[in-house]
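# Observations on the three-dimensional arrangement
Below are the chains, spelled out letter by letter.
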Amino acid sequence: EVQLVESGGGLVQPGGSLRLSCAISGFTGDDYTIGWVRQAPGKEREGVSYISPMDGVTYHRSSVKGRFTISSDNAKNTVYLQMSSLKPEDTGVYYCALSDARLEIVAAMDEYDYWGQGTQVTVSS
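Residues numbered from 1 in each chain as written. Predicted model: local features only at pLDDT ≥ 70, side-chain atom pairs only at ≥ 80, totals over all residues. Heavy atoms only, no water.

## Brief notes about the overall build of the protein chain
A tally of regular secondary structure across the protein chain gives one helix and 11 strands. Going residue by residue from the N terminus, the α and β elements of the protein chain occur as β-β-β-β-β-β-β-β-β-α-β-β. Against the 2.2 N^0.38 benchmark of 14 Å for 125 residues, the protein chain shows a C-alpha radius of gyration of 13 Å, consistent with a compact globule. If one aligns the C-alpha atoms of the protein chain with their principal axes, the spans along those axes are about 45 × 25 × 25 Å. Surface exposure of the protein chain reaches about 6400 Å², of which carbon and sulfur atoms provide 46%. Seen as two clouds, the 10 positive and the 15 negative side-chain charges of the protein chain have centres 10 Å apart. (Helix = DSSP H or I, 4+ residues; strand = E, 2+ residues; numbered from the N terminus. Rg over C-alpha atoms; globule rule 2.2 N^0.38 Å. Areas by Shrake-Rupley, 256 points an atom, 1.4 Å probe, with all protein chains shown as cover. Lys, Arg positive; Asp, Glu negative; His and termini not counted. Charge placed at Lys NZ, Arg CZ, Asp CG, Glu CD.)

Written out as structure tokens, the structure is:
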């Protein structure tokens, strides 16, 4: 019933920007956390950015701080990941995921209740 649908991925040159979107539907809870989790080829999944849409609190991993911005439009039930100054090492499949736990727990554990299908981000010349 809960659906998360990512969009916005694609091919971009180093230094470029992309905005990813995550459309959320079917979730009836009042408190939740959205995480953006990426998986580079041959690598384990890595949580990169998190948001608590109810209060707007956000957190980013150090490797993307200053380059990525996460935000939510609660009226549209959509979470965004604005990625700037992209590097080749940012390449990977980016997943939007939802947890009913609070942000600090999600950021520590990277465990989620629902996942989107992923969207490919490729940073290459």
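## Observations concerning the pattern of salt bridges
A full pass over the atoms with the stated rule returns five salt bridges. Residues Asp90 and Arg38 are paired through a salt bridge, measuring 2.8 Å at the closest nitrogen-oxygen approach. One end of the pair, Asp90, is in the loop between β8 (78–83) and β9 (92–99); the other, Arg38, is in strand β4 (residues 33–39), with 52 residues separating them in the sequence. Taking relative accessible area as the criterion, Asp90 reaches 1% and is therefore assigned buried. When its relative accessible area of 8% is taken as the criterion, Arg38 is described as buried. Where Glu104 meets Arg102, a salt bridge forms, and the shortest distance between an N and an O atom there is 2.3 Å. (Salt bridge = Lys/Arg side-chain N within 4 Å of Asp/Glu carboxyl O. Buried < 20%, exposed > 50% of the residue type's maximum accessible area, 1.4 Å probe, protein only.)

## With respect to the environment of Ser17
Mapped onto the elements, Ser17 comes out in the loop between β2 (10–12) and β3 (18–25). Taking the relative accessible area as the measure of exposure, Ser17 reaches 41% and is therefore partly exposed. Between the alpha carbons of Ser17 and Val123 there is a distance of 9.5 Å; along the sequence they are 106 residues apart. Apart from the residues within four sequence positions on either side, Ser17 is in contact with Val12, Gln82, Met83, Ser84, Ser85 and Leu86. For Ser17, the side chain forms a polar contact with the side chain of Ser84, separated by 3.5 Å. (Contact = heavy atoms within 4.5 Å. Polar contact = N/O pair within 3.5 Å; in protein donor to acceptor, adjacent residues only side chain to side chain.)

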